[in-house]
Amino acid sequence: MPCSTELCLLLSFVADAVNTLKSILQAERVPTQMAITRLVQGLGKAGDVEGIQEVEGLMEKLAQHVKVSRMLYINNTALAHIYNQNTDQAVEYLESLFTPAGDGTKSLLPLSSISFVFRRVLEEKLDSTLDKLSVMAERLAQHFSFYRPVTDLFLQLLDVGRVDDARLLLQRCAGIAEQRDVLVSYITKVARNTGKAEKITTLLDVVPDFMDREVAYAYLMKCYSLNNDCSSAKELYEKMLKENVKVDELCLKRLAVLLRNAGEPLPFTEPPESFKYYADKLRQEHQEPSSSSSSEED
């Protein structure tokens, strides 16, 4: 692979970083999780597959002290192959981890996320690479009923605004709409940020038969509350009533505050307790998907 000035600098940097890690470990000090994550990401960007393997080996003895998911190494190893212009090798590597072995042994990664790989490929507009990864993801779904990779791709396409591509992917792999935990995890992640309500509405538009509308609408109300968007919150409330979707107490509390701040009358009795009270109550009744289902492990 030709070594541009930028790449040579990156290779030099990560080589120094690996040596620094070795020195830290020899001094019986413990590196931070963030430091390891950034190092492995740098090695992936530099196309240094062997460097990633070396760091993974060095960190094995510290597994109890530094919680680093195996997906960090896997995702960045795949990216290292891609940056080395070895997309076929990246596809073969990932597929071997998702595909059951011939002796019936289960695959290693049936529920693990490779969203980080898709996101980087989409951000850098590596369309030919994306095509090959898409074929792999669809093959895993259609031949082995492993829908996590293709669902990761679907959500990343939505996230970057490639809605038509996401629709076509859903048409080819209808089972994406049944991946409840992954889709809800995406919604909960979106709802943590202001100004992201349109991402949830887009998902609901593309997947009109979404199974957990009560959950989706609750997080959509949260987005409107964070954005102080009273008019959209009112429309959502009316939509929920029309569709006979349960409006929980936290939704009502959020809408009540928005209406009161806008000087508008409340068409219902405001729940008297605090936001935290109703959030805790809902958490007990219906826990959010675990972090393992939503994490991208980059």
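All residue numbers here refer to positions counted from 1 along the written sequence of the relevant chain. In keeping with the predicted nature of the model, local features appear solely for residues at pLDDT of at least 70, side-chain atom pairs appear and are counted solely at 80 or more, and the whole-chain, interface and lining totals rest on all residues. Side-chain calculation: all heavy atoms of the structure are included, whereas hydrogens and water are not.

This part is about the overall build of the protein chain. Scanning the protein chain from terminus to terminus reveals 16 helices and zero strands. For the protein chain, long-range pairs separated by at least 24 residues make up 63% of all intrachain contacts whose partners lie at least 6 apart in sequence. Strands here are runs of E lasting at least two residues and helices are runs of H or I lasting at least four, both read from the DSSP assignment and numbered beginning at the N terminus. Working rule for contacts: check all heavy atoms of both residues, and any pair within 4.5 Å makes them a contact.

Okay, the nonpolar core next. By nonpolar core we mean a set of buried residues, namely Ala, Val, Leu, Ile, Met, Phe, Trp, Tyr and Cys, connected to one another through side-chain atoms within 4.5 Å. To sort residues, take the accessible area from a 1.4 Å probe on protein chains only and compare it with the maximum for the residue type: under 20% means buried, over 50% means exposed, and anything in between is partly exposed. Core analysis: the biggest nonpolar cluster contains 73 residues, and Phe154 and Leu203 have the highest contact counts within it. With nine residues, helix α12 (residues 213-226) is the largest single contributor of residues to this core.

Between side chains of opposite charge, pairing is possible as soon as their charged atoms come close. Salt bridges are counted wherever a side-chain nitrogen of Lys or Arg sits within 4 Å of a carboxyl oxygen of Asp or Glu. Summed over all chains, the structure comprises 19 salt bridges. Between Lys45 and Glu124 there is a salt bridge; the shortest N-O distance is 3.0 Å. With Lys45 in helix α2 (residues 33-45) and Glu124 in the loop between α6 (115-123) and α7 (127-144), this residue pair connects regions lying 79 residues apart in the sequence. We classify Glu124 as partly exposed; its relative accessible area is 32%.

Okay, the packing of aromatic side chains next. The geometry of an aromatic ring pair comes down to the distance between the two centres and the angle between the two planes. In this scheme Phe, Tyr and Trp rings, the latter by its six-membered ring, pair at centre separations within 6.5 Å, and the angle between planes marks the pair as stacked below 30 degrees, edge-to-face above 60, and tilted otherwise. For the coordinates displayed, the defined rule picks out three aromatic pairs. On the numbers, 5.4 Å between centres and 55° between planes, the contact of Tyr237 with Phe268 is tilted. With Tyr237 in helix α13 (residues 230-242) and Phe268 in the loop between α14 (249-261) and α15 (275-285), this pair connects stretches of sequence that are 31 residues apart. By the burial criterion, Tyr237 is buried, and Phe268 matches it. With a centroid separation of 5.1 Å and 85° between ring planes, the pair formed by Tyr277 and Tyr278 is classed as edge-to-face.

Let us now look at the UniProt feature "repeat: PPR" (unreviewed entry) in the protein chain. Following the UniProt record, the feature "repeat: PPR" (unreviewed entry) maps to residues 213-247 here. For residues 213-247, the helix share is 77%, the strand share is 0%, and the end-to-end C-alpha distance is 11 Å. UniProt positions are given in the numbering used here, feature names are shortened, and annotations may be inferred rather than shown by experiment.

Time to look at the environment of Val257. Among the structural elements, Val257 can be located in helix α14. Contacts of Val257, omitting those with residues within four sequence positions, involve Glu270 and Phe275.

What follows is about the environment of Lys281. Within the secondary structure, Lys281 is located in helix α15. Along the backbone, Lys281 and Glu249 are 32 residues apart, and their C-alpha atoms lie at a distance of 9.5 Å.

Take Gln41: it is sitting in helix α2. A relative accessible area of 14% places Gln41 in the buried class. Polar contacts, as used here, are pairs of N or O atoms within 3.5 Å; protein pairs need one atom able to donate a hydrogen and one able to accept it. Residues neighboring in sequence count only if both atoms are side-chain atoms. A polar side-chain atom of Gln41 sits 2.7 Å from a polar atom in the side chain of Arg38.

As a further point, take the packing of helix α10 (residues 180-191) against helix α11 (residues 197-206). Interaxial angles span 0 to 180 degrees and are taken between N-to-C directions of axes, which are lines fitted to C-alpha atoms, for helices over the stretch in contact. One way to put it is that α10 packs onto α11 with a least axis distance of 9 Å and a crossing angle of 155°. Of the possible angle classes, the one that applies to α10 and α11 is roughly antiparallel. The handedness of the crossing between α10 and α11 is left-handed. Two secondary-structure elements touch here, α10 through Leu183, Tyr186, Ile187 and Val190 and α11 through Lys199, Ile200 and Leu203. Tallied by class, the residues present in the contact of α10 with α11 amount to six nonpolar, no polar and one charged. Each angle gets one of four labels, with under 35 degrees taken as roughly parallel, over 145 as roughly antiparallel, 65 to 115 as roughly perpendicular, and the rest as oblique. By the definition used in this description, the sense in which the near helix is turned from the far one sets the handedness, with an anticlockwise turn below a right angle giving left-handed and a clockwise turn giving right-handed. Residues are grouped as follows: Ala, Val, Leu, Ile, Met, Phe, Trp, Tyr, Cys and Pro are nonpolar; Asp, Glu, Lys and Arg are charged; all remaining types, including Gly, are polar.

The next point concerns the confidence of the model for the protein chain. Atomic detail in the predicted coordinates should be set aside for any region of low pLDDT. Confidence per residue, as judged by the predictor, is encoded in pLDDT with a range of 0 to 100. Scored by pLDDT, the protein chain has a mean of 86; 86% of the residues are at 70 or more. Averaged over each element, pLDDT in the protein chain is lowest for helix α16 (residues 291-294) (41) and highest for helix α9 (residues 163-172) (97). Low pLDDT, under 50, characterises residues 289-295; the stretch is placed with eleven contacts to residues that sit more than four places away or in other chains.

Once that is clear, we can look at α11. Among the residues of α11, those classed as buried are Ala197, Lys199, Ile200, Leu203, Leu204 and Val206. Buried positions along α11 lie against α8 (148-159), α9, α10 and α12.

What follows covers the packing of helix α5 (residues 87-98) against α7. One way to put it is that α5 packs onto α7 with a least axis distance of 10 Å and a crossing angle of 20°. Considering the angle they form, α5 stands roughly parallel to α7. When the axes of α5 and α7 are compared, the crossing they make is right-handed. Residues Thr87, Asp88, Val91, Leu94, Glu95 and Phe98 of α5 touch α7, and the partners they reach there are Thr129, Lys132, Leu133, Met136, Arg139 and Leu140. Residues of the contact of α5 with α7, tallied by class, amount to six nonpolar, two polar and four charged.

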